Amino acid sequence: GSGETLSCGTGAVAAALAFRYWAGDGAPNQWKVDVPGGTVGVRMFAAEDGEHVSLSGPADLVFEGALEV
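Residues numbered from 1 in each chain as written. Predicted model: local features only at pLDDT ≥ 70, side-chain atom pairs only at ≥ 80, totals over all residues. Heavy atoms only, no water.

S.K.: Sorry, what's going on with the layout of surface pockets here?
M.R.: Space inside the largest pocket adds up to approximately 270 Å³. Along the walls of the largest pocket sit Leu-6, Ser-7, Val-35, Gly-37, Gly-38, Thr-39, Val-40, Pro-58, Ala-59, Asp-60 and Val-62, which together make up its complete lining. The greatest single-element share of the lining of the largest pocket, amounting to 3 residues, is contributed by strand β2 (residues 38-47). (1 Å grid on protein atoms, 1.4 Å probe; cavity = no way out; pocket = protein on both sides within 12 Å on 5 of 7 lines; lining within 4 Å. Points joined across faces, edges and corners; volume = space filled by probe spheres on them. Helix = DSSP H or I, 4+ residues; strand = E, 2+ residues; numbered from the N terminus.)

Put into structure tokens, the structure is as follows:
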């Protein structure tokens, strides 16, 4: 791992999917998830090969570096 971050896309999506499952039929397919770095949007939608999930939200560059090989 990279250590603690201000956001975890995988965790936000997993939380939204789990909450929608527990909420039962009629639960919305779009969720807003608050993480330490802000709020991200999670949207579930049907696709030809099953259900897909999209994640949206702000992105900020927090580190820049160079690697000499």
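S.K.: How do you make sense of the pairing of β2 when you look at a structure like this?
M.R.: Relative to β2, strand β1 (residues 30-35) runs antiparallel, the two being bridged by 6 bridges. Each bridged residue has a counterpart across the sheet, and for Gln-30 the counterpart in β2 is Arg-43. Connecting β1 to the next strand, β2, in antiparallel fashion are 2 residues. Sheet analysis places β2 next to strand β3 (residues 50-56), joined by 7 bridges and oriented antiparallel. Bridge pairing in β3 links Met-44 to Val-53. Remark: 2 residues form the turn of the hairpin made by β2 and β3, two consecutive strands paired antiparallel. (Pairing = 2+ DSSP bridges.)

S.K.: Just to check I follow, could you spell out the sheet that holds β2 for this structure?
M.R.: The strand order across the open sheet built from 3 strands is β1-β2-β3, with neighbouring strands paired in antiparallel fashion. The open sheet is flanked by β1 and β3, the only strands paired with a single partner. Strand-to-strand twist in this sheet, taken as the mean axis angle between neighbours without regard to direction, amounts to 25 degrees. Strands in contact with helix α1 (residues 9-23) are β1, β2 and β3; relative to β2, the strand with the most contacts, it is inclined by about 60 degrees. (Axes fitted to C-alpha atoms, helices over the stretch in contact; angles between N-to-C directions. Contact = heavy atoms within 4.5 Å.)

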